[in-house]
Amino acid sequence: MTGLTELTLARARDGLRQKEFSAVELAHAHIAAIEKARALNAFIIETPEKALAMARQSDARIGKRDAGPLEGIPLGIKDLYCTEGVQTTAGSHILEGFVPPYESTVTANLWRDGAVMLGKLNLDEFAMGSSNETSYFGPVISPWRRRGSNTPLVPGGSSGGSAAAVAARLCLGATATDTGGSIRQPAAFTGTAGIKPTYGRCSRFGIVAFASSLDQAGPIARTVRDAAILLRSMAGHDPKDTTSVDVPVPDFEAAVERGIRGLKIGIPKEYRRDGMPSEIETLWAQGIEWVKAAGAAIADISLPHTRYALPAYYIVAPAEASSNLARYDGVRYGLRVPGKDIADMYERTRAAGFGKEVRRRIMIGTYVLSAGYYDAYYVRAQKIRTLIKRDFETAFSSGIDAILTPATPSAAFGLGEKGSADPVEMYLNDIFTVTVNMAGLPGIAVPAGISTEGLPLGLQVIGRAFDEETLFSVARVIEQSAPRIAPPEKWWA
Amino acid sequence: MSVDSATVRRIAHLARIKVVEADVPHLQNELNAILAFVEELGTVDVEGVEPMTSVMPMPMKKRADVVTDGAIAEKIVVNAPVSDDHFFVVPKVVE
């Protein structure tokens, strides 16, 4: 039954409950789709046996009318989430062969609710990248191509495997993580919906750390509703993560269709960049018209420190990364390269185990934290972070309910097209998303149109802390108002 | 601010990453490109602004001071490149 991979997660959930098909049939359909799609390199490892075993258990629970909220739903898991007994690499050679003896809290929540694991999804090494080209296991190829062209395109990053797998119908949804845009940018590049929830909404326990004050887990799915369903299962307080916040998890799905009449949507003038492609301008203008037509009021707002968010991020994130990645030393797990003494072993192990981008970021982080530079760089960047957060607080306290912006400055680009000479060229991809991480706020990317070259484009909605419900309702209006985006042609199958 | 080649070697050593001499010039260029990119932060007026320490300010939750885990030495060393009798093995550090 190939049609099963075309279902939305919500539709598959309802079909399973009504026994139109079994969880095993649904798993088989996805396993077959994954086998045919190896050209995309979306999975680092496939776990078909595990998927079928979990699906059989789901069928048994459905038979006993004991189905969980995600019973029998096949998902892909970003290979940054530790999965007990299943290799977890973070896309890095240094963790190749690492098999965690424990499960991340977010994935444990998904299995508790009945979901089925299809495998571990490719990503930029340690989630450091915006194109999935820094993975030790090779780049992910986007299922999308420019109209009339065979040029391989990037799916975005760092959750490139997650976005590609969802767009190519290899899974009904996927876990992802977002430190500076790693859920929203790949979602925008692949015509999928991805939400970075409020910092603290999901537990970070068992997710390989990149920049702890910015990292947050979230889903990528084919529709806004599907993303809402997944987030409800993923979220929740966890005593194992002191930064996870103990607040109730709302029924996000119930908020999807609640409408936006009477809401006030802010349009920040600082997101209108010089040299922004006109099709991004047009998309944004259309989005404004759609939310207006749905009964929301529009207000021009100012977030004056926006332009400093990306440079400040490239101090804070590498600083935290240099500290977090100190643990990879060839002693407790992962790669070890012998040396003439212990320091030499550390240095050889880390030189061989980390890729170019990761080494570069560790070095920048080490530099900005080093004696004599700490105040000039790190402390200053954290002060600017306070100012960025204050900008958002000012906007929200003036009565703004949500903020509408483009998700990315362009559509997807080709493999090898960006960042080879100057790393900053790649970093600029996150210009519209990174502010949200700096302020800890929720942000959602939703498909909103197609570029002149035939590629998906997304809009972003930013909300108040812990008000993901408003984001889902605004994103749903955009999804509903946008012209239907046909799935990519299956050139790989 | 920019870094010279000696600084590149010093940072690499602090970061415990071996850098071969041939890689120093392009690493220096890349690090300087990033430092040039963050240069404009110097123009922001941060007088009297508190540096952010917690993005979602909240009292830290404390759990009861009880043992909740343990007796899993086998699991802890299972991924070690070299281990012996539940110990991680490293090159000799004390003569």
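Here the structure is shown first, and the text comes after it.
Residues numbered from 1 in each chain as written. Chains lettered and ligands numbered in written order. Predicted model: local features only at pLDDT ≥ 70, side-chain atom pairs only at ≥ 80, totals over all residues. Heavy atoms only, no water.

(A) Examining the overall build of chain B more closely. For chain B, the count of helices and strands is three helices and two strands. Taking 95 residues into account, the globule formula puts the C-alpha radius of gyration at 12 Å, and chain B, at 23 Å, lies well above it. Principal-axis analysis of the C-alpha atoms places the extent of chain B at approximately 55 × 45 × 25 Å. Taking all 95 residues of chain B together, 27% fall into the buried category. In chain B, of all internal contacts separated by at least 6 residues, the share reaching a separation of at least 24 is 28%. (Helix = DSSP H or I, 4+ residues; strand = E, 2+ residues; numbered from the N terminus. Rg over C-alpha atoms; globule rule 2.2 N^0.38 Å. Buried < 20%, exposed > 50% of the residue type's maximum accessible area, 1.4 Å probe, protein only. Contact = heavy atoms within 4.5 Å.)

(B) Summary view of the overall build of chain A. Each helix and strand counted, chain A has 16 helices and 11 strands in total. Over its C-alpha atoms chain A spans a radius of gyration of 21 Å, differing by no more than 12% from the 23 Å that the globule rule assigns to 493 residues. Counting all 493 residues of chain A, 67% fall into the buried class. Of all intrachain contacts in chain A linking residues separated by at least 6 positions in sequence, the fraction that spans at least 24 positions is 76%. In the structure as shown, chain A presents an accessible area of about 15,800 Å², 50% of it carried by carbon and sulfur atoms. Computing the positive centroid from 54 side-chain charges and the negative centroid from 53, chain A places the two 1 Å apart. (Areas by Shrake-Rupley, 256 points an atom, 1.4 Å probe, with all protein chains shown as cover. Lys, Arg positive; Asp, Glu negative; His and termini not counted. Charge placed at Lys NZ, Arg CZ, Asp CG, Glu CD.)

(C) A look at the pairing of strand S3 (residues 116–121) of chain A. Residues and elements named next belong to chain A. Judged by how many residues are buried, S3 sits mostly within the fold: six of six residues are covered. Pairing analysis gives three bridges linking strand S1 (residues 43–46) to S3, with the strands arranged antiparallel. Its bridge partner being in S3, glutamate 46 is matched across the sheet by glycine 119. With five bridges connecting them, strand S2 (residues 74–78) and S3 associate as parallel partners. Considered in S3, the bridge of glycine 76 is made with glycine 119. (Pairing = 2+ DSSP bridges.)

(D) Main features of the sheet that holds strand S8 (residues 297–301) of chain A. Residue and element names in this part refer to chain A. Spatially, S1-S3-S2-S4-S6-S5-S10-S11-S9-S7-S8 is the arrangement adopted by the 11 strands of the open sheet, whose pairing is mixed. Two strands in the sheet have a free side with no partner beyond their single neighbour: S1 and S8. The average angle at which neighbouring strand axes cross in this sheet is 30 degrees, direction not considered. Here strand S5 (residues 193–196) runs beside strand S6 (residues 216–221); their pairing, made up of two bridges, is antiparallel. Bridge assignment links alanine 193 to a residue of S6, and that residue is alanine 221. (Axes fitted to C-alpha atoms, helices over the stretch in contact; angles between N-to-C directions.)

(E) Structural detail: the interface of chain A and chain B. If you look at the interface, chain A gives 70 residues, while chain B gives 49 residues. A buried area of about 5,300 Å², summed over both sides, lies between chain A and chain B, and 73% of it is on carbon and sulfur atoms. For the interface between chain A and chain B, the tally reads five salt bridges. Of the charged contacts, one joins glutamate 30 of chain B and arginine 360 of chain A as a salt bridge, the two residues approaching to 2.9 Å between their closest N and O atoms. (Buried area = accessible area lost by both parts, 1.4 Å probe. Salt bridge = Lys/Arg side-chain N within 4 Å of Asp/Glu carboxyl O.)

(F) Up close: the pattern of salt bridges. Residues and elements named next belong to chain A. All told, the structure shown has 33 salt bridges over all chains when counted by the stated rule. Glutamate 253 serves as the salt-bridge partner of arginine 13, at 2.9 Å between the closest nitrogen and oxygen. Note that arginine 13 is positioned in helix H1 (residues 9–17) and glutamate 253 in helix H8 (residues 252–256), a separation of 240 residues in sequence. In this structure, arginine 13 and glutamate 253 share a single accessibility class: buried. A salt bridge links aspartate 178 to arginine 184; the shortest N-O distance between them is 2.8 Å. Each member of the pair, aspartate 178 as well as arginine 184, carries the same accessibility label: buried.

(G) Region of the structure containing the side chain of serine 233 of chain A. Here serine 233 of chain A lies in helix H7 (residues 224–234). Residues contacting serine 233 of chain A, with those up to four places away along its chain left out, are Pro69, Leu70, Asn109, Leu110, Arg112 and Asp113 of chain A.

(H) Inspection of the nonpolar core at higher detail. Residue and element names in this part refer to chain A. If you look at the biggest cluster of nonpolar residues, it comprises 177 residues, and the most contacted ones within it are Phe126, Leu170, Phe392, Phe472 and Ile478. When residues no more than four places from it in sequence are discounted, the contact partners of leucine 170 are His30, Ala33, Ile34, Ala37, Leu40, Ala42, Phe43, Leu118 and Ala165. One finds Phe189, Ala412, Phe413 and Met426 within the second-largest nonpolar core, a separate group that totals five residues. (Core = buried A, V, L, I, M, F, W, Y, C linked by side-chain atoms within 4.5 Å.)

(I) Quick look at unusual backbone geometry. Of the consecutive residues glycine 157 of chain A and serine 158 of chain A, the connecting peptide bond is found in the cis state with omega at 5 degrees. Even without being glycine, lysine 19 of chain A reaches a positive phi, approximately 60 degrees. Tracing the backbone shows lysine 19 of chain A in the loop between H1 and helix H2 (23–36). You can call lysine 19 of chain A exposed: its relative accessible area is 54%. You will see that arginine 16 of chain B, though not glycine, has its phi angle at about 55 degrees, which is positive. Topologically, arginine 16 of chain B is positioned in the loop between helix H1 (5–14) and helix H2 (24–38). The exposure class of arginine 16 of chain B is partly exposed, given its relative accessible area of 31%.

(J) Representation of a nonpolar patch on the surface within the structure. The grouping of Ile72, Ile76 and Phe88 of chain B at the surface amounts to a nonpolar patch, some 230 Å² of accessible area in total. Secondary-structure assignment places isoleucine 76 of chain B in helix H3 (residues 73–77). (Patch = residues over 30% accessible without salt bridge, like charges linked within 9 Å, V, L, I, M, F, W, Y side chains within 5 Å.)

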